[in-house]
Amino acid sequence: IVTSEPVGPWKDIMQGLVMSISSAKKYFYIQTPYFLPTESLLRTLQTVALSKVDVRLMIPARSDSSILTYASFSYIQECLRSGIKVYLYEPSMMHAKTVIVDDEFVSVGSTNFDFRSFEYDFESNVFIYSHAVNSRMREIFLEDQKKCMRVSSNQWRKRPATQKIKESLVRLLSPVL
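Residues numbered from 1 in each chain as written. Predicted model: local features only at pLDDT ≥ 70, side-chain atom pairs only at ≥ 80, totals over all residues. Heavy atoms only, no water.

Undergrad: Give a description of the nonpolar core that names residues and reports values.
TA: Membership of the largest hydrophobic core comes to 41 residues, with the highest contact counts inside it found for Phe28, Leu45, Ile76 and Phe113. No other element matches the five residues that helix 2 (residues 39-50) contributes to this core. Sequence-distant contacts of isoleucine 76, defined by excluding residues within four places in its chain, comprise Ile59, Val86, Leu88, Val151 and Trp156. In terms of nonpolar packing, the next biggest core, distinct from the first, is built from 11 residues, Met58, Tyr87, Ile100 and Cys148 among them. (Core = buried A, V, L, I, M, F, W, Y, C linked by side-chain atoms within 4.5 Å. Buried < 20%, exposed > 50% of the residue type's maximum accessible area, 1.4 Å probe, protein only. Helix = DSSP H or I, 4+ residues; strand = E, 2+ residues; numbered from the N terminus. Contact = heavy atoms within 4.5 Å.)

Undergrad: How would you sum up helix 1 (residues 12-23)? Please name residues and give values.
TA: Owing to its 3.6 residues per turn, the α-helix aligns residues three or four sequence positions apart on the same side. Spanning 12 residues, helix 1 covers 16 Å between terminal C-alpha atoms, matching the ideal 16 Å at 1.5 Å per step. Among all positions of helix 1, only Ile13, Met14, Gly16, Leu17, Ser20 and Ile21 are buried. All buried residues of helix 1 fall inside an arc of 160° around its axis, so they share one side. (Expected span 1.5 Å × (residues − 1). Arc of directions from axis to C-beta.)

Undergrad: Which residues make up the sheet that holds strand 4 (residues 54-60), and what values go with them?
TA: Here we have eight strands laid out as an open sheet, ordered 1-9-7-6-2-4-5-10, and mixed in their pairing. Strands at the two margins of the open sheet, each flanked by one partner only, are strand 1 (2-4) and strand 10 (148-151). Going across the sheet, the axis of each strand differs from the next one's by a mean of 20°, ignoring polarity. In terms of strand pairing, strand 5 (residues 85-89) meets strand 10 through four bridges, oriented antiparallel. The residue of strand 10 that forms the bridge with leucine 88 is methionine 149. Most of the contacts of helix 1 go to strand 1, to which it runs at about 125°, and overall it touches strand 1, strand 2 (27-31), strand 6 (98-101), strand 7 (105-109) and strand 9 (123-128). (Pairing = 2+ DSSP bridges. Axes fitted to C-alpha atoms, helices over the stretch in contact; angles between N-to-C directions.)

Next up, the structure:
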């Protein structure tokens, strides 16, 4: 069990996730309802993807907050540019908060992949080091992926200008959302 709090000197969950991203050799899968990564987490994800690790991000196509949807979407082009595969979960609001790394590590808990969870909220995750749990969580991720639309760079560039403007404006507020 790993916890984080806004008043402590260390951001244990974020630091654990940075280490897990950095150590990924085969794959790194993320499911999160809100994707508003810190600069260091985004750069780490991009670096790992550029080194040919299979990085997949699954977020809801429609969130329970249009502002948070625009904020999350504002990071998609940067992810795609570095080779991160982005999937939009279509059936409903996806509230899973899961990280699956290689065949070794799984993180599940209350932490969204966003500024607020990492910097301001009291959060709790379970870090699991188990081949069996990892295998099952990977199966679940891949089943959920079948319910997604994979975003392509070409398709993403063609979204309406009004959406791009909303994403850019909301992106400015990302650290406080």
